[in-house]
Amino acid sequence: MKIFVESSDKGIWDAIENGPFIPMPEKDNVFSEKPWSQWTEQERKKAQYDYIAKNIITFVLNSDEFFRVS
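Note that the coordinates shown come from a computational prediction; the quantities given were computed from them, not determined experimentally.

## What about the side chain of Lys34?
Stage number 1. Within the secondary structure, Lys34 is located in the loop between β2 (30–31) and α3 (41–60).
Stage number 2. A relative accessible area of 18% means that Lys34 is categorised as buried.
Stage number 3. For Lys34, the side chain forms a polar contact with the main-chain oxygen of Gln38, separated by 3.4 Å.
Stage number 4. Leaving out residues up to four positions away in the same chain, Lys34 has contacts with Pro23, Pro25, Trp39, Thr40 and Glu43.

## Some thoughts on the pattern of salt bridges
Stage number 1. Tallied over the full model, the rule gives two salt bridges.
Stage number 2. The partner of Lys10 in a salt bridge is Glu6, and the shortest N-O contact between them spans 3.2 Å.
Stage number 3. Owing to a relative accessible area of 28%, Glu6 belongs among the partly exposed residues under this scheme.
Stage number 4. Between Lys34 and Glu43 there is a salt bridge; the shortest N-O distance is 3.0 Å. An identical accessibility class is assigned to Lys34 and Glu43; each is buried.

## Considerations on a nonpolar patch on the surface
Stage number 1. Together, Met1, Phe4, Ile57, Phe59 and Val60 make up a nonpolar patch on the protein surface, roughly 540 Å² of accessible area in all.
Stage number 2. Top element by residues in the nonpolar patch is α3. It accounts for three residues.
Stage number 3. Secondary-structure assignment places Val60 in helix α3.
Stage number 4. Owing to a relative accessible area of 46%, Val60 belongs among the partly exposed residues under this scheme.

## Topic: the packing of aromatic side chains
Stage number 1. Summed over all chains, the structure comprises three aromatic pairs.
Stage number 2. With centroids separated by 6.3 Å and ring planes inclined at 70°, the aromatic side chains of Phe21 and Trp39 adopt a geometry described as edge-to-face. Separated by 18 residues along the polypeptide, Phe21 in the loop between α2 (10–18) and β1 (26–27) and Trp39 in the loop between β2 and α3 bring together distant segments of the chain.
Stage number 3. When the centroid spacing of 4.6 Å and the interplanar angle of 55° are considered together, the rings of Trp36 and Trp39 count as tilted.

Rules of the game
- Residues numbered from 1 in each chain as written.
- Predicted model: local features only at pLDDT ≥ 70, side-chain atom pairs only at ≥ 80, totals over all residues.
- Heavy atoms only, no water.
- Helix = DSSP H or I, 4+ residues; strand = E, 2+ residues; numbered from the N terminus.
- Buried < 20%, exposed > 50% of the residue type's maximum accessible area, 1.4 Å probe, protein only.
- Polar contact = N/O pair within 3.5 Å; in protein donor to acceptor, adjacent residues only side chain to side chain.
- Contact = heavy atoms within 4.5 Å.
- Salt bridge = Lys/Arg side-chain N within 4 Å of Asp/Glu carboxyl O.
- Patch = residues over 30% accessible without salt bridge, like charges linked within 9 Å, V, L, I, M, F, W, Y side chains within 5 Å.
- Areas by Shrake-Rupley, 256 points an atom, 1.4 Å probe, with all protein chains shown as cover.
- Phe/Tyr/Trp six-rings, centres within 6.5 Å; stacked < 30°, edge-to-face > 60°.

What follows is the structure, encoded as structure tokens:
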């Protein structure tokens, strides 16, 4: 599975290993989620890896496994 995903894009495997990407800028020692409308193109691309990873994982599951994890 790792080889298959990495062959598409290494960023997708990174999303699987590290979880979803959410930009969290720091201001006055407080981290808060950045609104989608303020995300840069690079941040949107990185977040897109999460959606692609979910799609790949659900695609390879048979119907019983899919309903069990969804």
